[in-house]
Every structure is written in structure tokens, then in C-alpha cells.
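Now for the letters of each chain:
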Amino acid sequence: MIHGIAFTRKVEVDDVTVEKNASNQIQIKDDGVSQAKINFVPTVLLQKITVADAATDTIDFTDLDINTDGQYLLMLEIEAATTTSLYCYINDDTTNTNYYTQQQTSSASTVSASQVNFPYLGETTASKPGRVEAYITIGMGYPVVSWKTARNTSAAPIFQNGVVGKTASVENITQLTIKGGSACFPVGAVARLYKMGGL
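Here we summarise the structure given alongside this text. (Residues numbered from 1 in each chain as written. Predicted model: local features only at pLDDT ≥ 70, side-chain atom pairs only at ≥ 80, totals over all residues. Heavy atoms only, no water.)

### What to know about unusual backbone geometry
Okay, so step 1: In the Ramachandran plot, Asp-63 falls in the positive-phi region, its phi being about 60° despite a non-glycine side chain.
Okay, so step 2: Summarising the element assignment, Asp-63 is placed in the loop between strand 7 (58-61) and helix 1 (66-69).
Okay, so step 3: Asp-63 sits in the exposed class, given a relative accessible area of 77%.
Okay, so step 4: The phi angle at Ser-127 is positive, at roughly 65°, despite the residue not being glycine.
Okay, so step 5: Checked against the element boundaries, Ser-127 lands in the loop between strand 12 (120-123) and strand 13 (129-139). (Helix = DSSP H or I, 4+ residues; strand = E, 2+ residues; numbered from the N terminus. Buried < 20%, exposed > 50% of the residue type's maximum accessible area, 1.4 Å probe, protein only.)

As C-alpha cells, this is what we get:
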């Protein structure tokens, strides 16, 4: 599947034509003969939250319906006010032991891995830029949050990636809460949530 490509018109190069057909597929034709069809999944911005007025430790995305929307992409751009761990809670369930995370951290030539009993999304570094990307899906009632976090430090960039799972099934995902330490999200921090359609 191709995500985030806006095919709104037909593109022709020599005898090759690329266009979106009536079935919402990207169709490739050579001299008028169909050569390939690719499922097309549009990426739509659902919510954009910009921290204003005062720093906060919580960003909430509400009124969601993943059963209808298919899957989500979370993007968080932050120059954190503090060094802190980030967490992703589902449906306002803030009990850490209801989640497990398998994560890996790469720093310089050192790579480490661990499993923790909370919905970990990596860490921020105080006064340094960072970025979080997370794909949120649900299958057979169990949410999966697959994420990666990149941040700068005074010494070297640090890259983390991992996956969060919930210990119990849910019928839907209607809320996502991103939480960190006290006032870790400064004024100007931006969080975006995109709908990406079904797999």
C-alpha cells in the first residue's frame, strides 16, 4: 500500500499512464494496457494539537473510532522542557501494568533492549529537539502501538524503537493520551494524528 500520496490527476510519461481508478487503486498502464494495480490508502489529518498558553505533561486525542478509521499515525515534534519518559495510554486506561513494551535503544555504538510493564514511547532530552512516530492498529481486539523516537543530545543522537501491547482486549480505540513528566511539552510542541485507512 502507498500512504500519503495524493493522486488527484492522471500522470503520463511517454506511453506510461499512472492514475487513480474508480476502485481507489493506483493503476499503471503501458500504451493503454493495464500492467499493475496498487491499493491506495489516503492519509488524512484528523487532529492537530499545538501546545499554547502554558507547558503541559499531557496531550489527548479524543473522539476517535479506529474501527471506522482503520489505523492511526501519530507524529510528535518536541523540544522537551525536561528529560522524561513518554507514555501512550489507550482509552484513558492509565494503569501502567495493563501494558507491556518491548523496546530497543541505540546510542553511539551501544545497543540495548528491554521489556517493561508500561506503555513506553521512548524518552526526551531537556532542551533538545526530538521526534516521535507511532503507528496504532487493532486486531482481534488487541491494540498495537509500533513506534520510533529520535532525539538529539549534547553528545550524539539517540534512536529508540519499540512496540506497545495491552494485556486485555478492547472493543475500539476512542482516545489516545500521550503523557510525560511535569510540564515536559513546552509551548509550541506539536502533535498530529492521521487516519490511514484499513490494511
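### Quick notes on the side chain of Thr-153
Okay, so step 1: Of note, Thr-153 is situated in the loop between strand 14 (142-151) and strand 15 (158-166).
Okay, so step 2: Reaching out from Thr-153, the side chain makes a polar contact with the backbone oxygen of Ala-156 at a distance of 2.4 Å.
Okay, so step 3: The residues touching Thr-153, leaving out its near neighbours within four places in the chain, are Thr-125, Lys-128 and Ile-158. (Polar contact = N/O pair within 3.5 Å; in protein donor to acceptor, adjacent residues only side chain to side chain. Contact = heavy atoms within 4.5 Å.)

### Remarks on the pattern of salt bridges
Okay, so step 1: By the definition in use, this model includes seven salt bridges.
Okay, so step 2: Between Asp-57 and Lys-179 there is a salt bridge whose closest N-O contact spans 3.1 Å. Here Asp-57 is found in the loop between strand 6 (44-50) and strand 7, whereas its partner Lys-179 is found in strand 16 (residues 176-179), with 122 residues between them in sequence.
Okay, so step 3: We classify Asp-57 as partly exposed; its relative accessible area is 25%.
Okay, so step 4: Owing to a relative accessible area of 27%, Lys-179 belongs among the partly exposed residues under this scheme.
Okay, so step 5: Between Lys-166 and Asp-93 there is a salt bridge, with its nearest N and O atoms 2.7 Å apart. (Salt bridge = Lys/Arg side-chain N within 4 Å of Asp/Glu carboxyl O.)

### Concerning the sheet that holds strand 16
Okay, so step 1: What the four strands build is an open sheet, ordered 7-16-9-12; its pairing is antiparallel. The sheet terminates laterally at strand 7 and strand 12, the two strands that pair on one side only. Adjacent strand axes in the sheet meet at a mean angle of 15°, parallel and antiparallel pairs treated alike.
Okay, so step 2: As judged from the two bridges shared by strand 9 (residues 85-90) and strand 12, these two strands associate in the antiparallel manner. Within the sheet, the bridge partner assigned to Tyr-87 lies in strand 12 and is Tyr-120. (Pairing = 2+ DSSP bridges. Axes fitted to C-alpha atoms, helices over the stretch in contact; angles between N-to-C directions.)

### Section: the sheet that holds strand 10 (residues 99-107)
Okay, so step 1: With antiparallel pairing, eight strands are arranged side by side in an open sheet as 6-17-8-13-14-15-10-11. Both edges of this open sheet fall to strand 6 and strand 11 (110-116), since each of them pairs with a single strand only. For this sheet the average axis-to-axis angle between neighbouring strands, irrespective of direction, equals 15°.
Okay, so step 2: Pairing of strand 6 with strand 17 (residues 190-195) involves six bridges; the strand directions are antiparallel. Paired with Leu-45 across the bridge in strand 17 is Tyr-194.

### A word on the environment of Gly-181
Okay, so step 1: Looking at the element boundaries, Gly-181 is found in the loop between strand 16 and strand 17.
Okay, so step 2: Considered as a pair, Gly-181 and Ala-81 are 100 residues apart in the sequence and their alpha carbons are 9.3 Å apart.
Okay, so step 3: Setting aside anything within four residues of it in sequence, one finds Gly-181 in contact with Asp-57, Thr-84 and Ser-85.

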